[in-house]
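A structural walkthrough
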Amino acid sequence: MSDQSKSPRPTLQAGEELHGFRVLRVETLPGIRVTAYEIEHKKTGAKVLHLHSFDRENLYAIGFRTPPYDSTGLPHILEHSVLAGSEKYPLKDVFKELMRSTLQTFINAFTYPDKTIYPVASQIKTDFFNLARVYTDLVLHPRMLKETFLQEGHHLEFSKPDDLSSDLIISGIVYNEMKGAYSSPDSLIFKALQENLYPDSVYAFDSGGDPDVIPTLTYEQFREFHRTYYSPSNARFFMYGDITTPEHLLFLSEMLAGFKRVKINSSIKSQKRIKTPLVIRGTYPIGRDESLQHKTMVNIAWMTSDNTDYETSLVLEIISALLVGSSASPLRKALIDSGMGEDLTPVSGIEADLKQLMFCAGLRNTQSSDAQKIEQLIFDTLRDIVANGYDNELIEGVLHQIEFHGKEIVRGSYPYGISLMGNVFQTWLYDGDPLIGLDFPGAIENIRRRWTDDPQIFQKMTKQWFVDNRHRVLSIMEPDADFNDKKEKSYREKMANLKSSLSVNELAQINVQAKELKKFQSEQDSPEAAATIPKLKIEDIPKAIDTIPSQHSLITEVPVLEHDIFTNDIAYVDLAFDITHVPEELQPYLPLMGKIITGMGAAGLTYEEMDKRIALTMGGFGYDLVTGLSANAGKSLQKMIFSFKALYRNLPDAINIVSDIIGDGDLSNEARMRDLISERKNNLQSAIVPSGHIFAKMAAGAALTLPAYRDEQWHGRTQLKFVQNTANNFNSSKQEFRAKLDSLRKILFNRNNLVINLTAEADGLKIAKENIIRFLDKLPTTSKAKTKAEPSLSSVFAGISIPAQVSYVAYVLKTPAFTDPACPLLMIAAKEMSNNYLYKYIRVQGGAYGGMSSFDPSLGIFSFLSYRDPHIVETLKIFNDVQDFYSRNEISSTEMEKAIISTIGMIDKPVGPAGRGYTSLMRSFAGITDNMRQKFRDDILSATPLKLKDVLVDYFSNASKSAAVAVYSAPEKLDEANNRMEEKLHIENIFDT
Ligand SMILES: [Zn+2]
């Protein structure tokens, strides 16, 4: 057994050589329990960094510097394309094949402004090396077929295939993906800042691709870019986990055999400092019926220090947190309190994935005429800080946050190794010290020493890098209701001109090429090609479920669930209040109530003072609204959960704070309340375009089950409408609003409603239990209210109009609950359909960025979704035809194995200590026992094509009759769809008018 609280003992020493590598440096990083090896491949000069730890989720990543020289999206299209097969693995989409035939816990590829990274992770050693082997071969020896370039990049085709009189259109996966990105205000704002702040560097270009420029990219340029930059001499290999360094080096020596050292000039040049501040103006899309008043975004962005100057960049990161990081931050406060806008722009803060750090601060939903005043206010505030200094408590709070987040083992949607990797590349890519950002105890010590030596250090740096720094941009982004129309119009004109300039012969050729591409796409990979991918066997999959240590007890009659798990001295506390009995009219208020209660003052302190207390003692404090069906669907659960985390030494203070907030919250500050409501409104509004498919799923699901209905009511467009309404009528209805929150508090905060969930090691659990009693003593005990009536569900066939150039389509069916024998098979079905049927028709042939199905037994729904989709009617037909497809096509035993493996991969996805404790709580609410989970797993592992087919026939032919549909799209696309459909989408607007 290994001691998880220590770093592994070194296996190699600096100066040592092994398998053709030279070890340059070995360092122990006790703060993150890692032993780090910096290594060089002697022959090619490839750089290697291994962070050896006791984590069994190993990560492997290859990174290249890929500086773009235009905005054709070359690095991005290449990133998609190398995953489409190599000589050794000649499959059309190896990425997808690896997704479904391995127990990968993470597999992805990222294009940054100046680098491209390919990471994979697994908890099983053979699987890990299989993945690493294929991934390395793909990036170093890709096939780079012309067809791949056309499919992933861009190509021409006719809107009606074979009809040369129909419109000529551009298609391509990256092309469509970027059209989506160019509809999102946040990414447009960020792009404008980056281009203007770094005009002479690679950051002046969009490595992702500008849809107007993508079509100019040629196949030859595409191949050349790979030849130039994808060489081991330009590569950085990053590894993390419990596999030893010598094992990695042996593997890498095999992968790098045959390569020579080549000279590559890929260094990222620094941007020269500009002397005159710039002012830029731009526009972003807004809904046709939305009001244009108070919708301008005003930002100031500064180019600051080089990333590799760690001493300076750390101070700048602290200053950024001081200025805008919390609600007690002086610049954030000044901007919000000015009343000129609603809240900070989402780009506010520091951006460290650029060679020279960028800091930005700005106001959302203001007017263009206030831009100068906003600029003035920002500078007045900064000058005031320079003259009078920062609040010491605020600085201490930021230092505590660095310590906390350095210590915390985070495993959310990506592996812990990924966050370490991100940190490493911020300096490593520019030839700085890769380990410098990982040593957080050293960093805090360093800052404290410098702060003691010079108590004015933060003020001085604020003066130097912000007040006196003329390398900055004032950006004014205005809403434009015709933004998308203009784009669409100029696109149509361009295409019409192009078409009229081509001869009949040339048009016919385009048609032939498009048809050949479709044919290539629809051809199956040969069984020999498919067999080249090393895969796990069903026998290699662990048979037994992973269990979470759990113990039930009572503290003053309140049920407590404890999980004794290694957390690196951090305790996680969840306070779950039952909300099943909250009256229907109060249900929509719950999310705002959570936001307001955790963001206001309490116990005689203002919200700023509370915020500072929180930053000094906790790693985070938030709330969540959860709902789901019980294991046998006998009932549904609804909980409001307040969660916080703290270092053991801070637990007593943290519990006092929570006790003050829940027991003694102060709702009297109306200005603050209005700001919090605006913030939630803006967050919801800007979430829609980037995750339209999730909103579409919620909208449709609401027709089918109570949990899905609540999910929409709390998190979907119903909630957005409610919050918009509350924000707009705040002045006239604030009394009533407060009264509602007060009654909610009375209903909710009651000892009889509460279950406590604790996750920590034994000593942390002990401190938590000793202190939580004080909190319980403050909670009133009243008798539990009776369960109230449920809302009635009604059918949904909705078209929801949004300002976007692409569509999001959801087709949702009702399903049985967890213990139903069909459930394990439906889970496999979701994977099988996503991997085959939907992937092929929605993504590859339809040109959407994504097509997927998902089964959620807890909400009781099965969903078909498309993401950034150019189609609506065709997509709905594809969803509708699923059962028909499977009744005509066999599922081979190999396909079945893959579907089983990817289903197991999904349910075995590792979670961090906090997530483990939380998951166990959810299971206990739903009544899901380990026996039920084991049976579920057994059923997945023993599923056969025949059983799967039976469920598909039974299930989808009947259920499709009760399907609910929701489409998020541009109004003209919805109209167009309605003209072609018998049953019409019920069109609605969601934004303010
Ligand atoms: Zn992409």
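A brief look at the structure comes next. (Residues numbered from 1 in each chain as written. Predicted model: local features only at pLDDT ≥ 70, side-chain atom pairs only at ≥ 80, totals over all residues. Heavy atoms only, no water.)

**Some remarks on the coordination of the zinc ion**
Listed as protein donors to the zinc ion are His76 (NE2), His80 (NE2), Glu177 (OE) and Glu177 (OE); their distances from the metal cover 2.1 to 2.7 Å. The coordination sphere of the zinc ion comprises four donor atoms, whose angles at the metal cover 53 to 152°; the geometry is irregular. Taken in sequence order, the residues that donate to the zinc ion follow the motif H-x3-H-x96-E. Of this pair, His76 and His80 both sit in helix α1 (residues 74-82), four residues apart, which is roughly one turn of the helix. The same class applies to His76 as to His80, namely buried. (Donors = N, O, S within 2.8 Å, 3.2 Å for Na, K, Ca; no water. Tetrahedral: all angles 85-135°; square planar, octahedral: opposite > 155°, others 65-115°. Helix = DSSP H or I, 4+ residues; strand = E, 2+ residues; numbered from the N terminus. Buried < 20%, exposed > 50% of the residue type's maximum accessible area, 1.4 Å probe, protein only.)

**Observations concerning the packing of helix α22 (residues 670-688) against helix α26 (residues 730-748)**
Their axes nearest at 12 Å, the elements α22 and α26 cross at an angle of 90°. Considering the angle they form, α22 stands roughly perpendicular to α26. Here α22 contributes Glu670, Met673, Arg674 and Ile677 to the contact with α26, which in turn contributes Phe730, Lys734, Gln735, Phe737, Arg738 and Leu741. Of the residues belonging to the contact of α22 with α26, the class tally is five nonpolar, one polar and four charged. (Axes fitted to C-alpha atoms, helices over the stretch in contact; angles between N-to-C directions. Parallel < 35°, antiparallel > 145°, perpendicular 65-115°, else oblique. Contact = heavy atoms within 4.5 Å. Nonpolar A, V, L, I, M, F, W, Y, C, P; charged D, E, K, R; others polar.)

**Let's talk about the pattern of salt bridges**
Considering all chains together, one arrives at 66 salt bridges under this definition. Linking Asp660 and Arg613 is a salt bridge whose minimum nitrogen-to-oxygen distance equals 3.1 Å. Of the two residues, Asp660 sits in helix α21 (residues 651-664) while Arg613 sits in helix α20 (residues 607-617), which places them 47 residues apart along the sequence. When its relative accessible area of 13% is taken as the criterion, Asp660 is described as buried. Connected through salt bridges with shared partners, the residues Glu17, Arg22, Glu40 and Lys42 form a single ionic network. (Salt bridge = Lys/Arg side-chain N within 4 Å of Asp/Glu carboxyl O.)

**Some words on the sheet that holds strand β23 (residues 754-760)**
Pairing is mixed across the open sheet formed by six strands, whose spatial order is β18-β19-β23-β20-β22-β21. At either margin of the open sheet sits one strand with a lone partner, and together these are β18 (551-555) and β21 (620-629). Direction aside, the axes of adjacent strands within the sheet are offset by 25° on average. As judged from the six bridges shared by strand β20 (residues 570-578) and β23, these two strands associate in the antiparallel manner. Paired with Val573 across the two strands is Leu758, which belongs to β23. (Pairing = 2+ DSSP bridges.)

**Thoughts on the sheet that holds strand β29 (residues 986-989)**
Strands sit in the order β26-β27-β25-β28-β24-β29 across an open sheet of six strands; the sheet is mixed. Edge positions in the sheet fall to β26 (850-856) and β29, since each has one partner strand and no second. Pairs of neighbouring strands in the sheet enclose a mean axial angle of 15°, with direction left out of account. Across seven bridges, strand β25 (residues 807-814) lies against strand β27 (residues 861-869) in antiparallel orientation.

**What to know about the packing of aromatic side chains**
Across all of its chains, the model carries 47 aromatic pairs by this definition. A centroid spacing of 6.4 Å and a plane angle of 90° characterise the contact between Tyr60 and Phe128, whose relative ring orientation is edge-to-face. One end of the pair, Tyr60, is in strand β5 (residues 58-65); the other, Phe128, is in helix α3 (residues 125-140), and 68 residues separate them in sequence. As far as the burial class goes, Tyr60 and Phe128 line up, both buried. The interplanar angle of 50° and the centroid separation of 5.8 Å between the aromatic rings of Tyr849 and Tyr867 together place this pair among those described as tilted. (Phe/Tyr/Trp six-rings, centres within 6.5 Å; stacked < 30°, edge-to-face > 60°.)

**Quick look at the pairing of strand β13 (residues 296-306)**
With ten of eleven residues buried, β13 lies mostly within the body of the structure. Across six bridges, the pairing between β13 and strand β17 (residues 472-480) is antiparallel. The residue of β17 that forms the bridge with Ile300 is Leu474.

**What to know about the environment of Glu539**
Tracing the chain through its elements places Glu539 in the loop between α18 (527-531) and β18. For Glu539, a relative accessible area of 58% corresponds to the exposed category. Each C-alpha atom, one on Glu539 and one on Leu941, is 9.2 Å from the other, the two residues being 402 residues apart in sequence.

**Some words on helix α19 (residues 590-597)**
For α19, a buried count of eight out of eight residues is recorded, marking the element as mostly surrounded by other parts of the structure. For α19, the set of buried residues is Leu590, Pro591, Leu592, Met593, Gly594, Lys595, Ile596 and Ile597.

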